[in-house]
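# Residue-level structural notes
Below, each chain spelled out in residue letters.
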Amino acid sequence: MNTHTERTSAVGITVYPILFAISFSHFLNDAMQAVIPALFPILRSTMELSYTQIGWIAFALNMTSSIMQPVVGLWTDRTPSPYFLPLGMAASLLGMAGLALAPNFLFVLLSALLVGIGSAVFHPEGSRVVYLAAGARRAFAQSIYQVGGNTGNALAPLFTALIFVPFGQKGAAWFTLAAALGITVLWRVSQWYGHELGSRPTPSKAKKAGQRIDHGHSIVFALALLIFVVFARSWYSAGISNYYQFYLMETTHISVREAQVYLFAFMIAGAIGTLAGGPIADRFGKRNLMIWSTVGTAPFALALPHAPLPLALPLLLVAGFVLSLSFATFVVYAQELLPNHVGMASGLIVGLAFGMGALGAVVLGKIADLSSLGTLMLLCSVLPLFGALAVWLPKDRT
């Protein structure tokens, strides 16, 4: 990374090479996370795992990543650690190797924990790199970063069909190459990151200039409300991603393969929406986009459980796109609420809040068991309405 690149980031110019590099690394990181749910059908048949054991694997992956992200973010706010980036990817590499060779359930669980730890280490420092490289276009920069992760996650159905069905569990070994590539890219990014930290004011000097002041709202109240809104949208995404395919199979009698098309449509539309949302937030305001995006999803979400099969696909595409317009904006807004704790803010939103979708999947599954998938879909359809609470958030600074 040259000296010119280092200088331009400090004067408000967006450093696109760094943004694209960290977005690509985010894609690799989240694609490796997607390997684990993609492997579930294979592991269930080869290891004869119960649904409870599969649930524990998903729980280990998501909760390790979710709980540790704010902790890692708080630590790196005090002691920025550029080389956490390649180290996190190295933990994921070990996890991929473990998955390929795992002889039993406990080994799979340990491998999932390693992938979760790698993700928890990567995300807060990745978000800080984006914050430093964004210049004046923070929402757009964050959308570039987040679209990499969302695209990686969206590939899970394809991994199942194209890699794990023909190659089985050992297909996970291919992803060690992805991790090795990620380590190489992140090593270069971490060098730029380290140089950039050296050219920035220390937190104590920047504190007065960077601290956001809002006389009408408490920062704690605003952050709590922000996390609650993210909970609601994450639980809606978890309901669609985990259970809508089973709802379609039960109500329309389509095959498992056909149901994957609907799931993939929702997830890939979300990735496109994430990229589109950044420029919109920079133009019309972060708070406005968070309200429009979540509340704007509600009509399509409410219609989806009642829609005939020919309408389901377009409704899923629109709902996934509109809901994800604000995905990156939530992170940027939290960072601006806590400008001196960028890592912790990123960890709270990307890790804890979005990661609560894993817990939501468990709760929603219990509702489906106790009642029906139809009842579950009806309950999920009202969750985007909670986005209206975002009107109580402080307005963007002008």
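This text follows the structure it describes.
Here is a short report on the structure shown in this document. (Residues numbered from 1 in each chain as written. Predicted model: local features only at pLDDT ≥ 70, side-chain atom pairs only at ≥ 80, totals over all residues. Heavy atoms only, no water.)

### Quick look at helix H14 (residues 327-337)
Across the eleven residues of H14, eleven count as buried, placing the element largely inside the fold. All buried positions along H14 are accounted for by Phe327, Ala328, Thr329, Phe330, Val331, Val332, Tyr333, Ala334, Gln335, Glu336 and Leu337. (Buried < 20%, exposed > 50% of the residue type's maximum accessible area, 1.4 Å probe, protein only. Helix = DSSP H or I, 4+ residues; strand = E, 2+ residues; numbered from the N terminus.)

### Looking at the packing of helix H10 (residues 219-252) against H14
At a minimum axis separation of 11 Å, H10 and H14 run at an interaxial angle of 165 degrees. With respect to their mutual orientation, H10 and H14 come out roughly antiparallel. The chirality of how H10 crosses H14 is left-handed. Residues Ile219, Ala222, Leu223, Leu226, Val229, Val230 and Arg233 of H10 form the contact with H14, whose own contacting residues are Phe327, Phe330, Tyr333, Ala334 and Leu337. Counted by class, the contact of H10 with H14 contains eleven nonpolar, no polar and one charged residues. (Axes fitted to C-alpha atoms, helices over the stretch in contact; angles between N-to-C directions. Parallel < 35°, antiparallel > 145°, perpendicular 65-115°, else oblique. Left-handed = near helix turned anticlockwise from the far one by under 90°. Contact = heavy atoms within 4.5 Å. Nonpolar A, V, L, I, M, F, W, Y, C, P; charged D, E, K, R; others polar.)

### Remarks on the environment of Met290
You can see Met290 is positioned in helix H12 (residues 286-303). Judged by its relative accessible area of 1%, Met290 falls in the buried class. Once the C-alpha coordinates of Met290 and Leu325 are considered, the two residues, 35 residues apart in sequence, prove to be 8.1 Å apart. Beyond its immediate stretch of four places on either side in the chain, Met290 contacts Leu226, Ser326, Thr329, Phe330, Tyr333 and Leu393.

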